[in-house]
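Below are the chains, spelled out letter by letter.
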Amino acid sequence: MNIYLQTLNRDLRIALRNPSSVLNPLLFFIISVSLFPLAISPEAATLSQIAAGVIWVASMLAVLLSLNALFHHDHENGVLEQMVSSHHSLPLLILAKITAHWLLTGIPIILLSPLLGTFLFLDGEGVKVLMITLLLATPSLSLIGSIGASLIVGIKNSGMLLSLLILPLYIPILIFASSAVSQAQFGLAIDGQLYFLAMFLLLSLMSAPFVSAIALKISLE
Amino acid sequence: MSALIVNNLECQRGYNQLFSNLSFQVNSGEVLRITGANGSGKTSLLKILAGVNALEQGEINWNQYSVKTDEYQQEIFYLGHQAALSGELSSLENLEYLSTLNKTAEQQQLVQALVKVGLKGYEDEYCANLSAGQKRRVILAGLFVSKAKIWLLDEPFTALDPAGVKIVESRIEQHCNHGGLCLFTTHQDSALANQRILAL
């Protein structure tokens, strides 16, 4: 457990000393959401209808944008080799890196979402459900993303490849999360969607660190 | 007496067979210097021994523990081509993290280790600001706190000045006198006592 905290601490420290890597995806998130009212229509009725989808798509793309860097630097400077040859469990080390990634992208997105939701005339109930879905699903985005990021370690200019690998796995989350928000706006029950997102989170939490560890070992050869 | 025993090792990279039927034994207290032309498989051999690359064929054992078991991996200190340092962290923070990944002595000795490799006053310097030789020294400071028995050093002397080479060599000798063993690759001559040579 100690090594988990040490790795988490190290990753957070590196990120905070190099803030542009953290801020870039967040700025992308804010800018892309705030462009929609300009491009489509400033009317409250239109915007509140598309708000959930817009915020969800933008946060998904922002996470995708930040995933490239998850293992990239540690691979380039050789720390990844040290992690693999260490006697500590590699899935645990990877889980620590994923946690750091979520703290640096998922949490800020969740905290920004009420503000952006209000921009897009999302009502109180909608904002609440939006935050719940983000809280349930952004960890899954980081976890699943780590599988893709570990597969493309060592491949140059692999941004496109990462999107192709990961986006299909993100689609179910997108569908259920945005439908939860729009149903809540009409006062309908959303238990089913939330259960699905929770199930997805548990599944990815149980499998992604292990799959990423195997993928990393293959990529390092 | 413990020994690292390698049996019938084979390594293939792409279409090239780098080596096959490679068998050797290194006893504790011994130094094995691996020599060979560029591309002869020195780095690949060390990576396989370190458990970074997969073992395609053959056996590697240390006291009945085979490679990639926890008992084997915790006896490994592996130094690769790259510095394994993050530029955003200070030399002390880097050393701290790398030593938690490996089996090491008390953390208080880290500052002393940096002093021993001649980096006094550089503890809080970001590694991005260090020269290539200084970065190498930060990594090699790990040798002074390592409790691992098997040292696998890939070109430990690159970018080091003669004084640095001497510090590292004397540390390797000390390690071997205390029952450790060391495998290293180099293109330079080395004055280490008690060394054998394996030509790939």
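Conventions and cut-offs
Residues numbered from 1 in each chain as written. Chains lettered and ligands numbered in written order. Predicted model: local features only at pLDDT ≥ 70, side-chain atom pairs only at ≥ 80, totals over all residues. Helix = DSSP H or I, 4+ residues; strand = E, 2+ residues; numbered from the N terminus. Rg over C-alpha atoms; globule rule 2.2 N^0.38 Å. Buried ≥ 20, exposed ≤ 12 C-beta atoms within 10 Å, placed from the backbone. Contact = placed C-beta atoms within 7 Å. Core = buried A, V, L, I, M, F, W, Y, C linked by C-beta atoms within 7 Å. Pairing = 2+ DSSP bridges. Expected span 1.5 Å × (residues − 1). Arc of directions from axis to C-beta. pLDDT = per-residue confidence, 0-100. Axes fitted to C-alpha atoms, helices over the stretch in contact; angles between N-to-C directions. Parallel < 35°, antiparallel > 145°, perpendicular 65-115°, else oblique. Nonpolar A, V, L, I, M, F, W, Y, C, P; charged D, E, K, R; others polar. Left-handed = near helix turned anticlockwise from the far one by under 90°.

Draft legend 1. Spotlight on the overall build of chain B. If you tally the helices and strands in chain B, you get six helices and nine strands. For 200 residues, the compact-globule estimate of 2.2 N^0.38 gives 16 Å, and the C-alpha radius of gyration of chain B, at 17 Å, lies within 12% of that figure. Along the longest, intermediate and shortest principal axes, the C-alpha atoms of chain B span 50 × 35 × 30 Å. Within the span of chain B, comprising 200 residues, buried residues form 44% of the whole. Nonlocal contacts in chain B, meaning residues at least 24 apart in sequence, comprise 69% of its contacts between residues at least 6 apart.

Draft legend 2. Broad picture of the interface of chain B and chain A. Facing the 24 residues of chain B at the interface are 21 residues of chain A. Among the elements of the structure, α2 (70–73), β6 (76–79) and α3 (91–101) of chain B are those that each provide at least two residues to the side of chain B that touches chain A. For the side of chain B that touches chain A, the leading source of residues is α3 of chain B, giving four residues.

Draft legend 3. Structural context of the nonpolar core. By size, the foremost hydrophobic cluster in this structure holds 119 residues, and its most contacted members are I55 of chain A together with L114, A141, L152 and C182 of chain B. Sort the elements by how many residues they give to this core and helix α7 (residues 124–151) of chain A lands first, with twelve residues. Dropping the residues within four chain positions of it, A141 of chain B is found in contact with L95, A113, L114, K116, V117 and L119 of chain B.

Draft legend 4. A look at the pairing of strand β3 (residues 31–35) of chain B. Residue and element names in this part refer to chain B. Relative to strand β8 (residues 181–185), β3 is paired through four bridges, and the arrangement is parallel. Paired with L32 across the bridge in β8 is L183. Here β3 pairs with strand β9 (residues 195–199) via five bridges, running parallel. Following the sheet pairing, T35 is matched in β9 by A199.

Draft legend 5. View of helix α2 (residues 20–39) of chain A. Residue and element names in this part refer to chain A. In this model, α2 (20 residues) spans 28 Å end to end at C-alpha, consistent with the 28 Å of a helix rising 1.5 Å per residue. What α2 keeps buried is the set P25, F29, V33 and F36. Considered in projection along α2, the buried side chains sweep an arc of 60 degrees and stay on one side of the axis. In α2, those exposed residues whose orientation departs by more than 90 degrees from the buried face are S20, L23, L27, I31, L35, L38 and A39.

Draft legend 6. Expanded view of the environment of I173 of chain A. Position of I173 of chain A relative to the elements: it lies in helix α8 (residues 159–185). Expressed as a C-alpha distance, the spacing of I173 of chain A and Q6 of chain A, which sit 167 residues apart in the sequence, is 31 Å.

Draft legend 7. Summary view of the confidence of the model for chain A. Mean pLDDT for chain A: 93, with 100% of residues reaching 70 or above. Mean pLDDT values over the elements of chain A span from 90, in helix α4 (residues 69–76) of chain A, up to 96, in helix α6 (residues 90–119) of chain A.

Draft legend 8. Looking closely at the packing of α7 of chain A against α8 of chain A. All names here are of chain A. Packing of α7 against α8 leaves a shortest axis separation of 10 Å and a crossing angle of 170 degrees. Considered as vectors, α7 and α8 are oriented roughly antiparallel to each other. A per-class count over the contact of α7 with α8 returns 17 nonpolar, six polar and one charged.

Draft legend 9. Structural detail: the packing of α3 of chain B against helix α4 (residues 109–116) of chain B. All names here are of chain B. Running from N to C, α3 and α4 cross one another at 115 degrees; their axes reach a closest spacing of 10 Å. Judged by the sense of rotation from one axis to the other, the crossing of α3 with α4 is right-handed. Touching S91, L92, L95, E96 and S99 of α3 are L110, V111, A113 and L114, all from α4. Residue classes in the contact of α3 with α4 are distributed as six nonpolar, two polar and one charged.

Draft legend 10. Broad picture of the sheet that holds β6 of chain B. Residue and element names in this part refer to chain B. Strand order in this open sheet of five strands is β6-β7-β8-β3-β9, and the pairing throughout is parallel. One side of each edge strand has no neighbouring strand; the edge strands of this open sheet are β6 and β9. On average, each strand axis in the sheet is inclined to that of its neighbour by 15 degrees, with strand direction left out of account. By the bridge criterion, five bridges tie strand β7 (residues 150–154) to β8 in an arrangement that is parallel. Within β8, the position partnered with W151 by the bridge is C182. With respect to the sheet, helix α1 (residues 42–50) is in contact with β3, β6, β7 and β8, its orientation differing from that of β7 by roughly 150 degrees.

Draft legend 11. Here's a closer look at the sheet that holds strand β1 (residues 3–13) of chain B. Residue and element names in this part refer to chain B. The strand order across the open sheet formed by four strands is β2-β1-β4-β5, and the pairing between neighbours is antiparallel. Looking at which strands have only one partner, the edges of the open sheet turn out to be β2 (16–27) and β5 (65–66). Two elements, strand β4 (residues 57–62) and β5, share two bridges in a ladder whose sense is antiparallel. When the bridges of β5 are listed, W62 appears paired with Y65. The strands that α1 touches are β1, β2 and β4; relative to β1, the one it contacts most, it runs at about 125 degrees.

Draft legend 12. Representation of unusual backbone geometry in the model. All names here are of chain B. Of note, K68 is a non-glycine position whose phi angle comes to about 80 degrees, a positive value. Within the secondary structure layout, K68 lies in the loop between β5 and α2. Its identity is not glycine, yet A159 carries a phi of approximately 70 degrees, on the positive side. When you line up the elements, A159 lands in the loop between β7 and α6 (162–177). Classification of A159 by C-beta neighbours within 10 Å gives partly exposed; the count is 15.

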